[in-house]
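Below, each chain spelled out in residue letters.
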Amino acid sequence: MPRTLIRKNPSNFKTLPLFVEATPEGLTYQSVGMPLNFSQTLQRRRPVTVDDPERFSLELANLGVSVRLTLHWQNRDYWVLVRQRRQDRGDVVLKLISGYVPAHELNLPLLTAISEIAEECLLETPEGWLGGRFNDTWLPAPYATALHYREALPFRLTPLSGSARPVRSANLQLIERPRAYVHLPTASLQLIYDLRLDVPKEAKSLSLFHVDERLEGDQLVARLDRKRPDLYLMPLQDGQPLPELYTLKKDQLYPASTRGLYLAESFARQDGWLVRDERIRWKDWLHQQGLTPPGKESGLTRLRGKARQLLKKIVPRKVAR
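Scoring rules and cut-offs
- Residues numbered from 1 in each chain as written.
- Predicted model: local features only at pLDDT ≥ 70, side-chain atom pairs only at ≥ 80, totals over all residues.
- Heavy atoms only, no water.
- Helix = DSSP H or I, 4+ residues; strand = E, 2+ residues; numbered from the N terminus.
- Buried < 20%, exposed > 50% of the residue type's maximum accessible area, 1.4 Å probe, protein only.
- Contact = heavy atoms within 4.5 Å.
- Areas by Shrake-Rupley, 256 points an atom, 1.4 Å probe, with all protein chains shown as cover.
- Lys, Arg positive; Asp, Glu negative; His and termini not counted.
- Charge placed at Lys NZ, Arg CZ, Asp CG, Glu CD.
- Pairing = 2+ DSSP bridges.
- Axes fitted to C-alpha atoms, helices over the stretch in contact; angles between N-to-C directions.
- Phe/Tyr/Trp six-rings, centres within 6.5 Å; stacked < 30°, edge-to-face > 60°.
- Lys NZ or Arg CZ within 6 Å of the ring centre and 35° of its normal.
- 1 Å grid on protein atoms, 1.4 Å probe; cavity = no way out; pocket = protein on both sides within 12 Å on 5 of 7 lines; lining within 4 Å.
- Points joined across faces, edges and corners; volume = space filled by probe spheres on them.
- Arc of directions from axis to C-beta.
- Expected span 1.5 Å × (residues − 1).
- Salt bridge = Lys/Arg side-chain N within 4 Å of Asp/Glu carboxyl O.
- Core = buried A, V, L, I, M, F, W, Y, C linked by side-chain atoms within 4.5 Å.

- The name given to the protein chain in an unreviewed UniProt entry is Metal ABC transporter ATPase, with the source organism recorded as Pseudomonas rhizophila.

Structure below.
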């Protein structure tokens, strides 16, 4: 049964609308108007249109932040994706770890990105849950009242190379150079940070879980469901993704079904500073990336494999002389 980790009052969350100016050389945003709560922000997330994808000025509903998180575990790299039922859009997608940037962090969205990792990506070992550090800064432990965090053995976050085009909050250029796009269907500016998470070698029997907040009545509720880990790993080879998905439980990777799967809009094609799609089919994204999904074994191949296994059981091995 899912375990409730925390409850929040959504009215405590405040963000600010943005005014965005984009040119081929860079993008600048600054806050405008009065602070908005969560419900007010959702009401403003209505489709907008832009004529020139490289040069425009417009007002947007909010700033969102995502993390393309590369997890390094047992000498392999994986992208981390999480499953989300998007109540405001009525769909289910796999997406990057992401969230809304609160008003007091609009100039430092990297802080929001790091907090989202602590809230959404949970690493469990038999001795407890792993905490994390970004350089010399400890990540928050948002569920410390419900879960036992290990004081030793933290995972480590480090920045990877960022986007070529600069993004500024007013006159301040954002460090780590996040990729930016304006999502037209939701009238929002989205920033994507490239970060790496190194799992300590001493962390054994590792399991990964995703925890996300859902609006239930007048509360935001975060629950842990062990039967639905909802955190997926996409393996990388030479930095490029492979067309495979896995869940991780007690150091074992389990293949995940991709049937009927959709990815969030951050995987869709970007035109200049714009993304126009709500989501993209897994198969379409693979085609866009030039990837071929792993082939399914034919019935004959499976039958031959079973026949070989049966033959090994029936025919005794030769005794070595």
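Further notes follow.
1. Topic: the overall build of the protein chain
Here is step 1: Across its full length, the protein chain holds 4 helices and 26 strands.
Here is step 2: Seen along its three principal axes, the alpha-carbon backbone of the protein chain occupies a region of about 85 × 45 × 40 Å.
Here is step 3: Taken across its 321 residues, the protein chain has 45% of its residues classed as buried.
Here is step 4: Restricting the contact set of the protein chain to residue pairs at least 6 apart, pairs at least 24 apart contribute 64%.
Here is step 5: Looking at the protein chain as shown, the accessible area adds up to about 17800 Å², and 49% of this sits on carbon and sulfur atoms.
Here is step 6: Of the side-chain charges in the protein chain, 48 are positive and 36 negative, and the distance between the mean point of each set is 11 Å.

2. What to know about the environment of Gln 240
Here is step 1: Structurally, the position occupied by Gln 240 is in strand β21 (residues 240-241).
Here is step 2: Using a relative accessible area of 52% as the deciding quantity, one classes Gln 240 as exposed.

3. Examining the sheet that holds strand β1 (residues 3-8)
Here is step 1: Read from one edge of the open sheet, 3 strands run β1-β19-β18, paired in antiparallel fashion. Each having just a single partner strand, β1 and β18 (213-216) make up the two edges of the open sheet. Geometrically, the sheet is characterised by an average inter-axis angle of 35 degrees between neighbouring strands, direction not taken into account.
Here is step 2: Pairing analysis gives 4 bridges linking β18 to strand β19 (residues 219-224), with the strands arranged antiparallel. Counted as the bridge partner of Glu 213 is Ala 222 from β19.

4. Some points on unusual backbone geometry
Here is step 1: Phi is positive for Glu 176, which is not a glycine, with a value near 65 degrees.
Here is step 2: Structurally, the position occupied by Glu 176 is in the loop between β14 (172-173) and β15 (179-183).
Here is step 3: By relative accessible area, Glu 176 is classed as partly exposed at 23%.
Here is step 4: One non-glycine residue, Lys 250, lies in the positive phi region at around 50 degrees.
Here is step 5: Note on placement: Lys 250 falls in the loop between β22 (246-249) and β23 (252-255).
Here is step 6: Residue classification places Lys 250 among the exposed residues on the basis of a relative accessible area of 56%.

5. As for the packing of aromatic side chains
Here is step 1: A full pass over the atoms with the stated rule returns 7 aromatic pairs.
Here is step 2: Aromatic ring contacts, followed pair by pair, group Phe 13, Phe 38 and Tyr 100 into a single cluster.
Here is step 3: For Arg 165, the ring lying beneath its charged end belongs to Trp 273, and the centroid distance is 3.9 Å.

6. Some points on the layout of surface pockets
Here is step 1: Of the voids in this model, the largest pocket is the one considered here, and its volume is about 1000 Å³.
Here is step 2: Where the lining of the largest pocket is concerned, the elements lending two or more residues are α1 (38-44), β5 (62-73), β6 (76-86), β8 (97-100), α2 (109-120) and β18.

7. As for the sheet that holds strand β13 (residues 167-169)
Here is step 1: Here we have 5 strands laid out as an open sheet, ordered β4-β2-β3-β13-β14, and mixed in their pairing. On the outer flanks of this sheet lie β4 (56-60) and β14, each paired with one strand and no other.
Here is step 2: As judged from the 3 bridges shared by strand β3 (residues 26-31) and β13, these two strands associate in the parallel manner. Note that in β13 the partner of Leu 27 across the bridge is Val 167.

8. Structural notes on helix α3 (residues 282-289)
Here is step 1: Every buried residue of α3 is listed here: Trp 282, Trp 285 and Leu 286. End-on, the buried residues of α3 take up no more than an arc of 100 degrees, which puts them together on one face. Across from the buried face of α3, at angles greater than 90 degrees, the exposed residues are Lys 283 and His 287.
Here is step 2: In the core, the buried residues of α3 are packed alongside β6, β20 (231-237), β21, β24 (262-264) and β26 (279-281).
Here is step 3: Of the residues one or two after α3, Gly 290 is the one with positive phi, at around 75 degrees.

9. Quick word on α2
Here is step 1: Helix length check: α2 (12 residues) gives 16 Å between terminal C-alpha atoms against 16 Å at 1.5 Å per residue, within 8%.
Here is step 2: Pro 109, Leu 110, Thr 112, Ala 113, Ile 114, Glu 116, Ile 117, Ala 118, Glu 119 and Glu 120 are the residues of α2 that are buried.

10. Some details on the pattern of salt bridges
Here is step 1: Under the defined criterion, the tally for this structure stands at 13 salt bridges.
Here is step 2: The salt bridge partner of Glu 59 is Arg 44, with a shortest N-O separation of 2.8 Å. Of the two residues, Glu 59 sits in strand β4 while Arg 44 sits in helix α1, which places them 15 residues apart along the sequence.
Here is step 3: For Glu 59, a relative accessible area of 43% translates into the label partly exposed.
Here is step 4: Between Glu 216 and Arg 223 there is a salt bridge, with the nearest N and O atoms lying 2.6 Å from each other.

11. Regarding the nonpolar core
Here is step 1: Judged by nonpolar contacts, the single largest core of 55 residues is most densely connected at Tyr 29, Phe 56, Leu 69, Ile 117, Leu 123, Leu 157 and Leu 189.
Here is step 2: If we skip the residues at most four places from it in the chain, Leu 69 touches Tyr 78, Trp 79, Val 80, Ile 97, Ile 117, Leu 157, Leu 195, Arg 196 and Leu 197.

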